[in-house]
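Read off the chains here:
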Amino acid sequence: MTQTGSNGRSEQVETTPRTIVAVLAHPDDETFIIGGTLALYASRGHHVHVIYGPFGPEPDGRPTPQRLSELEAAANTLGITANTFLSAPDRSESPAQAGALGEGTLPHLTNAIRAELRGLRPDVVITFDATGATGNLNHILTGAATLQAVGSMTGVTAPRLYAAVFGRRQLAAGLRIGRLTRRKNLDDVRDALRIAQESQRPTTTIDVRGVLAQRLEAARCYTTALREGAWWMRRWELLSPRLRRHLAPREVYARLIPPVSDSEDMENGLFGEG
Ligand SMILES: [Zn+2]
């Protein structure tokens, strides 16, 4: 099996393929938030599956056809094995719930995610922490539902659970980008500071320098997301791999399950391998 090391070179190593499932809110989260990690583990021959919440504009909560085709291109680039779309709560059963964000959304999502995870039997689950990484409400809901779902799975098949956090390094990098581009938006800076403060303590970093070219190619697939996004988001996502190697060489996570003890060292892998 071929493995891409942090130096970007491929080497032959013996690994048993394992399964990583990311539970996210929207097509583009897999690329913009954890794209390096997914590309790295896919390049090592592991199965990478992404589950999306029912937050799209279509009546059943699915994304637009255009966003789906952008996802298909990005997923091929990153090496993602499969995608699943959760459906919105059935409104005929509880007509009071208008839209996907009604009162029953959290238990509905939790049950749907648990059912998917039981079928997929992942070794590792990745989702959002309580800040939703960007403060987005759908991200926060998805992270809360996934934490409940994985927390209720017991026994030897219970997966490890990680939340993507931006951490201080990412914040510092974001502020440097702001300075580099000579644009000032104090609200963005305040939001970023708040999110960094409220984020879980990082426990795990993944060196993604070897897959930054794939990550950039995947980001470029999201024409509509980049057009709709803020100027700094476009700038950040389309950063050249050369600059990104310096500004964001690692993606950062907090391990939620099993909990991390105070004496434990920082991890460098999702399976506890480094
Ligand atoms: Zn999102």
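Here the structure is a predicted model, which means the values were calculated and not measured.

Definitions and limits used
Residues numbered from 1 in each chain as written. Predicted model: local features only at pLDDT ≥ 70, side-chain atom pairs only at ≥ 80, totals over all residues. Pairing = 2+ DSSP bridges. Helix = DSSP H or I, 4+ residues; strand = E, 2+ residues; numbered from the N terminus. Axes fitted to C-alpha atoms, helices over the stretch in contact; angles between N-to-C directions. Contact = placed C-beta atoms within 7 Å. Expected span 1.5 Å × (residues − 1). Buried ≥ 20, exposed ≤ 12 C-beta atoms within 10 Å, placed from the backbone. Parallel < 35°, antiparallel > 145°, perpendicular 65-115°, else oblique. Left-handed = near helix turned anticlockwise from the far one by under 90°. Nonpolar A, V, L, I, M, F, W, Y, C, P; charged D, E, K, R; others polar. pLDDT = per-residue confidence, 0-100. Right-handed = clockwise from strand over helix to strand, strands pointing away. Core = buried A, V, L, I, M, F, W, Y, C linked by C-beta atoms within 7 Å.

Considerations on the sheet that holds strand β4 (residues 47-52)
Argument step 1. Taken together, the seven strands give an open sheet; going across it, the order is β5-β4-β3-β6-β7-β9-β8, and neighbouring strands pair in mixed fashion. The open sheet is flanked by β5 (82-85) and β8 (204-207), the only strands paired with a single partner. Here the average twist between neighbouring strands, direction ignored, is 30°.
Argument step 2. The strands touched by helix α4 (residues 105-120) within the sheet are β3 (19-24), β4, β5 and β6 (124-128), with β3 carrying the most contacts at an inclination of about 165°.

Side note on helix α5 (residues 137-151)
Argument step 1. Between its first and last C-alpha atoms α5 spans 21 Å; for 15 residues at 1.5 Å apiece the expected length is 21 Å, and the two agree.
Argument step 2. Among the residues making up α5, those that are buried are Asn138, His139, Leu141, Thr142, Gly143, Ala145, Thr146, Leu147, Ala149 and Val150.
Argument step 3. Elements that come into contact with the buried residues of α5 comprise β3, α4, β6, β7 (160-165) and β9 (250-257).

Quick word on the packing of helix α2 (residues 35-43) against helix α8 (residues 212-220)
Argument step 1. For the pair α2 and α8, the least separation of the axes is 9 Å and the interaxial angle reads 120°. Between α2 and α8, the angle falls in the class oblique. Every pair of crossing elements has a handedness; the one defined by α2 and α8 is right-handed. In this structure, α2 uses Gly35, Gly36 and Ala39 to contact α8, whose residues at the interface are Leu212, Gln214, Arg215 and Ala218.
Argument step 2. Its residues assigned to classes, the contact of α2 with α8 comprises three nonpolar, three polar and one charged.

A short note on the confidence of the model for the protein chain
Argument step 1. With 78% of its residues at a pLDDT of at least 70, the protein chain reaches an overall mean of 85.
Argument step 2. Of the regions scoring below 50 in pLDDT, residues 7-12 engages in nine contacts with residues more than four places distant in sequence or in other chains.
Argument step 3. Predicted confidence is poor over residues 94-100, with pLDDT under 50, and the contacts of this stretch with residues over four places away or in other chains come to 13 contacts.

Quick word on the pairing of β5
Argument step 1. Two elements, β4 and β5, share four bridges in a ladder whose sense is parallel. Of the residues in β5, the one forming a bridge with tyrosine 52 is phenylalanine 85.
Argument step 2. Note that the unit made of β4, helix α3 (residues 65-78) and β5 has a crossover that is right-handed.

Regarding α3
Argument step 1. In a regular helix each residue adds 1.5 Å, so 14 residues correspond to 20 Å; α3 covers 20 Å between its end C-alpha atoms and thus fits that length.
Argument step 2. Close packing links the buried residues of α3 with α1 (29-32), α2, β5, α8 and α9 (223-228).

Points about unusual backbone geometry
Argument step 1. Backbone torsion omega between isoleucine 257 and proline 258 reads -10°, so that peptide bond is classified as cis.
Argument step 2. Here proline 258 shows up in the segment after β9.
Argument step 3. You will see that aspartate 28, though not glycine, has its phi angle at about 120°, which is positive.
Argument step 4. Relative to the helices and strands, aspartate 28 resides in the loop between β3 and α1.
Argument step 5. For alanine 133, which is not glycine, the phi dihedral falls at a positive 65°.
Argument step 6. The topology assignment puts alanine 133 in the loop between β6 and α5.

Here we look at the nonpolar core
Argument step 1. Ranked by internal contacts, the top residues of the largest apolar core, which has 59 residues, are Ala22, Leu38 and Ala164.
Argument step 2. Each residue touching alanine 164, except ones within four places of it in the same chain, is listed here: Ile33, Ile34, Ile126, Phe128, Ala133 and Tyr253.

Looking at the environment of threonine 223
Argument step 1. Within the secondary structure layout, threonine 223 lies in helix α9.
Argument step 2. By C-beta crowding, threonine 223 is classed as partly exposed, having 13 other C-beta atoms within 10 Å.
Argument step 3. With 153 residues separating them along the chain, threonine 223 and glutamate 70 place their C-alpha atoms 7.5 Å apart.

Looking at the environment of threonine 205
Argument step 1. Relative to the helices and strands, threonine 205 resides in strand β8.
Argument step 2. The spatial distance from the C-alpha of threonine 205 to the C-alpha of asparagine 268 is 5.1 Å, given a sequence separation of 63 residues.
Argument step 3. Contact partners of threonine 205, with chain neighbours within four places excluded, come to Arg250, Val252, Met266 and Asn268.

Digging into the packing of α4 against α5
Argument step 1. Close contact between α4 and α5 brings their axes to 8 Å; oriented N to C, the two are set at 55°. With respect to each other, α4 and α5 are oriented oblique. Classified by chirality, the crossing of α5 by α4 is right-handed. Along the contact surface, α4 presents Thr105, Leu106, Leu109, Thr110, Ile113, Arg114 and Leu117, while α5 presents Leu141, Thr142, Ala144, Ala145, Thr146, Gln148, Ala149 and Val150.

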